[in-house]
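This is what each chain is made of:
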Amino acid sequence: MLELREHHVFIAGTLIASLISALSFCPYYPVLVDADGNAYQWTIIIRVVSMVLIPLFAAADKTADVQAKADAKSDANEASQEAQKAYRQSISSLLLIANWGAGIAKDPPSRKKTLLKDLRTVSVAATHGLSIAPQTRATYYTLKTTADGRVLGEPVSHGRVEESTTIWEEAKDPAHSVWGIMDGEDVNAPIVRSTDEDKKDWADWDNKRYKSFISVPVKAGGVQFGLLSLNAPKSEDLTETDRMAVLVAARIMATTLSLAHEPPALKELEDSLDRLRSDRAAGLGSVDSSMANR
């Protein structure tokens, strides 16, 4: 019945039956009445049938309309329940990171180093739980600063079976998009899709099991701790809600890491990045001077 309603069968039937009924009462058509103006028997039958069909079609259309509204309400309730479930799941995941971080902040320095390793595992598991997209994988990459540049490695993953083995080395690929993400504002971290024409070179899409990802820098002030990433098998799987969820998870993680590190250690992390930038700027200046003296 719903399918007939969608194809406007009942409305069309009502209109046609009404038209036939009206025409059957026209006294000027010789095919409908005899010479004395009396309706033929089959004309009367047409009138009765058409007048019966009119309310039947109207009633069927009304019944189908009520059923369609009931189904729509049921679908809306189901969608609302799914949305509430996803919301509760996201809040629980974020609270897991926050609670873990609060515990680390209160622990003595002797335990913090061990607990910080566990924080990565907890964070990626919670980040994976933030999204309702199927077959996602969350990964955290720890940042280390060397004399040659930054390195994002030691990946910890949760989600799909395969583990992330990617390691980014700034010295080998200084123009890679990941360094732009690390140096940019976390709130500007985009959803990157394989279908984005301006981001075709952001990943080796042909050899990746994912077709979309969100990568957010985990940093506080001038201190960069790492990169939190969520990817999915299809280009349209991840949404703006997923992006904001990963952003919040990255900020909670950055705050936790800041609280877990002693002030001298945080200062050393910030100074190491500043020294790297200064050395690089000095190196570029020396190259420019050399070129100018030639």
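The preceding data block contains the structure.
Note that this is a predicted model, so its numbers are computed, not measured.

Before going further, it helps to spend a moment on the overall build of the protein chain. When helices and strands are counted, the protein chain shows seven helices and six strands. In the protein chain, the succession of helices and strands from N to C terminus is α-α-α-α-β-β-β-α-β-β-β-α-α. Considering the protein chain as a whole, with its 294 residues, one finds that 37% of them fall into the buried category. Long-range contacts, defined here as pairs at least 24 residues apart, represent 60% of the contacts in the protein chain between residues at least 6 apart. Surface summary for the protein chain: the accessible area is close to 17300 Å², and the carbon and sulfur share equals 59%.

Our next topic: the sheet that holds strand β5 (residues 212-220). Taken together, six strands build an open sheet; the order of strands is β3-β2-β1-β6-β5-β4 and the sheet is antiparallel. Of all the strands in the sheet, just β3 (168-169) and β4 (191-193) have a single pairing partner and so form its edges. The pairing of strand β1 (residues 137-146) with strand β6 (residues 223-232) spans six bridges and is antiparallel. Bridging across to β6, R137 finds its partner in N231. Sitting on the sheet, helix α6 (residues 240-260) is in contact with β1, β4, β5 and β6, with an inclination near 25° to β5.

What follows is about the nonpolar core. In terms of nonpolar packing, the biggest core is built from 29 residues, with Y140, V216, V218, F225, L228, L238 and L257 touching the most fellow members. Residue assignment for this core shows that the elements contributing at least two residues are α4 (109-130), β1, β5, β6 and α6. In terms of residue count, the dominant contributor to this core is α6 (nine residues). Once you skip the residues sitting within four places of it in the chain, L257 turns out to touch L116, L119, Y140, V218 and F225. Counting residues in each nonpolar core, the second largest holds nine residues, with L143, L152, V178 and W179 among its members.

Any two aromatic rings considered together are summarised by their centre-to-centre distance and by the angle between their planes. All chains considered together, the criterion is met by four aromatic pairs. Between Y210 and F213, the aromatic rings sit 6.1 Å apart at their centres with planes inclined by 85°, giving edge-to-face as the arrangement. Accessibility expressed as a relative area gives 8% for F213, which makes it buried. Pairwise contacts between aromatic rings join W205, Y210 and F213 into one cluster. Lying across the ring of W202, K199 places its NZ or CZ 5.5 Å from the centre.

Relative to strand β2 (residues 149-159), β1 runs antiparallel, the two sharing nine bridges. Paired with A138 across the two strands is H158, which belongs to β2. In this sheet, β3 lies alongside β2 in antiparallel orientation, the contact comprising two bridges. In the sheet register, V151 faces β3, and the bridge partner there is E169.

Attention now moves to the pattern of salt bridges. Per the stated rule, a full pass over the model turns up twelve salt bridges. For D183, the salt bridge goes to R277, with nearest N and O atoms at 3.2 Å. Residue D183 is found in helix α5 (residues 177-183), and its partner R277 is found in helix α7 (residues 263-293); the two are separated by 94 residues along the sequence. What emerges from the salt-bridge pattern is a single network uniting R150, E170, D183 and R277.

Rules used throughout
- Residues numbered from 1 in each chain as written.
- Predicted model: local features only at pLDDT ≥ 70, side-chain atom pairs only at ≥ 80, totals over all residues.
- Heavy atoms only, no water.
- Helix = DSSP H or I, 4+ residues; strand = E, 2+ residues; numbered from the N terminus.
- Buried < 20%, exposed > 50% of the residue type's maximum accessible area, 1.4 Å probe, protein only.
- Contact = heavy atoms within 4.5 Å.
- Areas by Shrake-Rupley, 256 points an atom, 1.4 Å probe, with all protein chains shown as cover.
- Pairing = 2+ DSSP bridges.
- Axes fitted to C-alpha atoms, helices over the stretch in contact; angles between N-to-C directions.
- Core = buried A, V, L, I, M, F, W, Y, C linked by side-chain atoms within 4.5 Å.
- Phe/Tyr/Trp six-rings, centres within 6.5 Å; stacked < 30°, edge-to-face > 60°.
- Lys NZ or Arg CZ within 6 Å of the ring centre and 35° of its normal.
- Salt bridge = Lys/Arg side-chain N within 4 Å of Asp/Glu carboxyl O.

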